[in-house]
Amino acid sequence: MPMPIDKDMVKRLGILSRLSIPEENTEEMVTEIKKIISWVDQLKDVNTDDVLPMNSVVEDMDLPERKDEITDGDIRDAVIKNAPDQMDGYFLVPKVVE
Amino acid sequence: MTDLVELTMAEALEGLAKKEFTSVELTQAHLDEMAKARDLNAYVIETPELALERAKRSDNRRSKGEKLGLMEGIPVGMKDLYCTKGVRTTACSHILDGFVPPYESTVSLNLENQGSVMLGKTNMDEFAMGTANLTSYYGAVRNPYKDKTNPNKFLIPGGSSGGSAAAVAAGLCMCATGSDTGGSIRTPASFCGIVGMKPTYGRCSRYGMIAFASSLDQAGTMTRTVRDTAIMLESMAGYDPKDSTVVNRPVPCYQKALTGDIKGLKIGIPREYNPDKGLNSDVRHVWEQTAEKLRQAGAEIVDINLPSTQYALPTYYLIAPAEASSNLARYDGVKYGLRVDGKSLDEMYTNTRTAGFGKEVKRRIMIGTCVLLEGYYETCYLKAQKVRRLLCKEFDDAYKKVDVILAPAAPETAFGKDDDSTKDPLKMQLYDVFTVPSSLAGLPAISVPAGYSETTGLPIGLQVIGNKFCEETILRVAGVIESVSGMSIRPLRVGGK
């Protein structure tokens, strides 16, 4: 059974997508999701028996494989330059081990 | 010298070749025009030093008789979705604050290699999610056109490539890049009276384009004429080993397609794009009138059916958010952009994303996450992917009968920033009704100005949709529409001449 669309679901979606939904906005979000899900429900009128899901419009093309060789590198400083917090060429994050 | 901004790109290329003016002069004229029209908010970053330096290099290449590019010396606007080495790129999101890419997107690199000169980064809806350019962290863009019944009304330029469209329409660049996921080039092109083309999915590389919905995102062009579109598309398209979905086939000289001859060409008019409700009568009138003019030019007008059209919007609004929720998972406050501290790693992620994403982006991430939940995945996401295949098949069948399809680009003309419809996301989605089906099918489509609304005086764009890789055919038809429309190809000078 699909999870009912309620405050608990919005909390769950918030956890999964790492977004904090303020308590006062939860009800609005429930209504919003209910509206969308009932709107897209019209797709059930379309007969899709024996139809395969389509991931890409270029599915007739083989996935190209490039040669397994190093094409760049030695750009650590350029990559790390954008990090909000860094030290000695490492990305810094809050402590994860107690 | 300021009159240089009135030129089309093709005219400017000729003037540069004849040494009537230099790229530095052409570039400076556009920089001056940008300074006069800042209230449009079309650019989020201007890069005058870089532009003049590139223009100077272009002039040097020319004077030394070196090999010249297809867009040698032409000033362009770059949608802020394209990563540009050393120039801040944020997709107009707070979460990418201060991000300066260490690499260049393939499309912007191709344009640079063809000699063009980047003037700056253009405003857009945050992560390209929007139809009106109202979701940008850097504020709304103003459409240079005015509603003649209410000239003081702040009109939106359409979205998501709204900054690019406004900049091209106002002469703040000769052309600009756009990107189109569900209509983000064609809608603003229609609202701003310019030509906007989304080529076939796989025609242009997506490398270095900030991702929204990867199975739909495609780079495209925004120009004031169809010929300029042909030049720009040839400059930016092509194979790229850095994008596994780009198709390896030669890029033709698109200008050669502009023969003006459409005799015997079959043009399909889809019944489903002409609903009783929800299509502005001025738009319908321009559509009918244009079809008649094309018939007089020798084309055959054929009624066709695309019966599943009504299911395209719900299909799109399942697939696009699902892909977006996955693509946007990378913004975690660690590698680039904004960070908002928290006590734990998880809390830092959540605080960063909550503060960094705007309302519409959060809404789509939540919806995308929902339709991928167990219990919803099959009935929503997988179902949408199946309907997508049916929609593609209907287009395949249609192209057995016709060469191109002619339809409105948008059901309305540009609307006001504070109109009621802008408050309701579901209503806003309806503006994509005519652009989304061809996006889902990965087809090339161009929006070309075809007339003005009698009521408001605002421009109306029509869409020519082609079969895969038939860019040349739709350019040819668009060229004829341009010449019979009687529309101006000159910019609207909002800052005065």
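Residues numbered from 1 in each chain as written. Chains lettered and ligands numbered in written order. Predicted model: local features only at pLDDT ≥ 70, side-chain atom pairs only at ≥ 80, totals over all residues. Heavy atoms only, no water.

Take the overall build of chain A next. Within chain A, the regular secondary structure consists of 3 helices and 2 strands. Oriented by its inertia axes, the alpha-carbon framework of chain A measures out at about 55 × 45 × 25 Å. Relative to its full complement of 98 residues, chain A shows a buried share of 29%. Long-range pairs, those at least 24 residues apart, make up 20% of the contacts in chain A between residues at least 6 apart in sequence. Of the roughly 7,400 Å² of accessible surface on chain A, 51% is carried by carbon and sulfur atoms. Distance between charge centres in chain A, computed from 12 positive and 23 negative side chains, equals 7 Å. (Helix = DSSP H or I, 4+ residues; strand = E, 2+ residues; numbered from the N terminus. Buried < 20%, exposed > 50% of the residue type's maximum accessible area, 1.4 Å probe, protein only. Contact = heavy atoms within 4.5 Å. Areas by Shrake-Rupley, 256 points an atom, 1.4 Å probe, with all protein chains shown as cover. Lys, Arg positive; Asp, Glu negative; His and termini not counted. Charge placed at Lys NZ, Arg CZ, Asp CG, Glu CD.)

Another aspect to go through is the environment of A297(B). Residues and elements named next belong to chain B. Inspection of the secondary structure assignment puts A297 in the loop between α8 (281-296) and β8 (300-304). Each C-alpha atom of the pair A297 and I481 lies 9.9 Å from the other, and the pair is 184 residues apart in sequence. Contact partners of A297, with chain neighbours within four places excluded, come to I262, K263 and V480.

Attention shifts here to helix α5 (residues 162-169) of chain B. All names here are of chain B. Burial within α5 is extensive, with 8 of its 8 residues counted as buried. Taken residue by residue, α5 has G162, G163, S164, A165, A166, A167, V168 and A169 as its buried positions. Buried residues along α5 sit in contact with β1 (43-46), β2 (75-79), β3 (117-122), β4 (175-180), α6 (186-192) and β6 (218-223).

Okay, the interface of chain A and chain B next. If you look at the interface, chain A gives 51 residues, while chain B gives 66 residues. Approximately 5,100 Å² of surface area, both sides summed, lies buried where chain A meets chain B, with 69% of it carried by carbon and sulfur atoms. Viewed at the interface, chain B and chain A are joined by 5 salt bridges. Mapped by element, the contributors of at least two residues to the side of chain A that touches chain B are α1 (7-16) and α2 (23-40) of chain A. Ranked by residue count, the leading element in the side of chain A that touches chain B is α2(A), at 9 residues. Residues belonging to the side of chain A that touches chain B are distributed by class as follows: 35 nonpolar, 8 polar and 8 charged. (Buried area = accessible area lost by both parts, 1.4 Å probe. Salt bridge = Lys/Arg side-chain N within 4 Å of Asp/Glu carboxyl O. Nonpolar A, V, L, I, M, F, W, Y, C, P; charged D, E, K, R; others polar.)

The next thing to look at is the packing of aromatic side chains. All names here are of chain B. Scanning all chains against the criterion turns up 14 aromatic pairs over all chains. With a centroid separation of 5.1 Å and an interplanar angle of 45°, the aromatic rings of F127 and Y331 are classed as tilted. Placement of F127 in the loop between β3 and α5 and of Y331 in the loop between α9 (312-327) and α10 (345-356) is noted, with a sequence separation of 204 residues between them. The exposure class of F127 is buried, given its relative accessible area of 0%. Feature note: the residues F99, F127, Y331, Y336 and F357 constitute an aromatic cluster, connected by ring pairs. (Phe/Tyr/Trp six-rings, centres within 6.5 Å; stacked < 30°, edge-to-face > 60°.)

With that out of the way, let us pick up the side chain of S453(B). Residue position: S453(B) is located in the loop between β10 (445-452) and β11 (459-466). Here T456(B) takes part through its side chain, which lies 3.1 Å from a polar atom of the side chain of S453(B). (Polar contact = N/O pair within 3.5 Å; in protein donor to acceptor, adjacent residues only side chain to side chain.)

Bringing the state of the cysteines into the picture now. All names here are of chain B. On inspection of all chains with the given rule, the structure shows 0 disulfides over all chains. We note that C192 lacks a disulfide partner, and the nearest cysteine sulfur, in C173, lies 11 Å from it. Residue classification places C192 among the buried residues on the basis of a relative accessible area of 1%. (Disulfide = S-S within 2.5 Å.)

Attention shifts here to a nonpolar patch on the surface. All names here are of chain A. A cluster of nonpolar side chains, contributed by I75, V79 and F91, occupies part of the molecular surface with about 240 Å² of accessible area. Its place among the elements puts I75 in the loop between α2 and α3 (76-80). For I75, a relative accessible area of 43% translates into the label partly exposed. (Patch = residues over 30% accessible without salt bridge, like charges linked within 9 Å, V, L, I, M, F, W, Y side chains within 5 Å.)

It is worth spelling out the sheet that holds β10(B) at this point. All names here are of chain B. One open sheet accounts for 11 strands, arranged β1-β3-β2-β4-β6-β5-β10-β11-β9-β7-β8; its pairing is mixed. Of all strands in the sheet, those with a lone pairing partner are β1 and β8, marking the two edges. Between one strand axis and the next, the sheet turns by 30° as a mean value, whatever way the strands run. The pairing of strand β7 (residues 266-270) with strand β9 (residues 404-408) spans 2 bridges and is parallel. Bridge pairing in β9 links G268 to I405. In the packing of helix α2 (residues 23-36) onto the sheet, contacts are made with β1, β2 and β3, and the angle to β3 comes to roughly 20°. Packing of helix α3 (residues 48-63) onto the sheet brings it into contact with β1 and β3, and relative to β3 it is tilted by some 155°. (Pairing = 2+ DSSP bridges. Axes fitted to C-alpha atoms, helices over the stretch in contact; angles between N-to-C directions.)

The next subject is helix α11 (residues 359-371) of chain B. Over its 13 residues, α11(B) extends 19 Å from the first C-alpha to the last, a length consistent with the 18 Å expected when each residue adds 1.5 Å. Of all the 13 residues making up α11(B), 11 are buried; the element is thus mostly covered by neighbouring parts of the structure. Taken as a whole, α11(B) has its buried residues at E360(B), V361(B), R363(B), R364(B), I365(B), M366(B), I367(B), G368(B), T369(B), C370(B) and V371(B). Elements that come into contact with the buried residues of α11(B) comprise α1 and α2 of chain A together with α9, α10, α12 (377-401) and α13 (425-429) of chain B. (Expected span 1.5 Å × (residues − 1).)

Turning our attention to the side chain of S308(B). Relative to the assigned elements, S308(B) resides in the loop between β8 and α9. A polar contact of 2.5 Å, which involves the side chain of S308(B), links it to the side chain of E394(B).

Let's shift gears to unusual backbone geometry. All names here are of chain B. Here the bond from G159 into S160 is cis, since omega is 10°, no more than 30 degrees from zero. Among the structural elements, S160 can be located in the loop between β3 and α5. A positive phi is found at A91, a non-glycine position, where the angle reads about 50°. Along the chain, A91 falls in the loop between β2 and α4 (106-113). The backbone phi angle of N133 is positive, close to 60°, even though this residue is not glycine. With respect to the helices, strands and loops of the structure, N133 is situated in the loop between β3 and α5.

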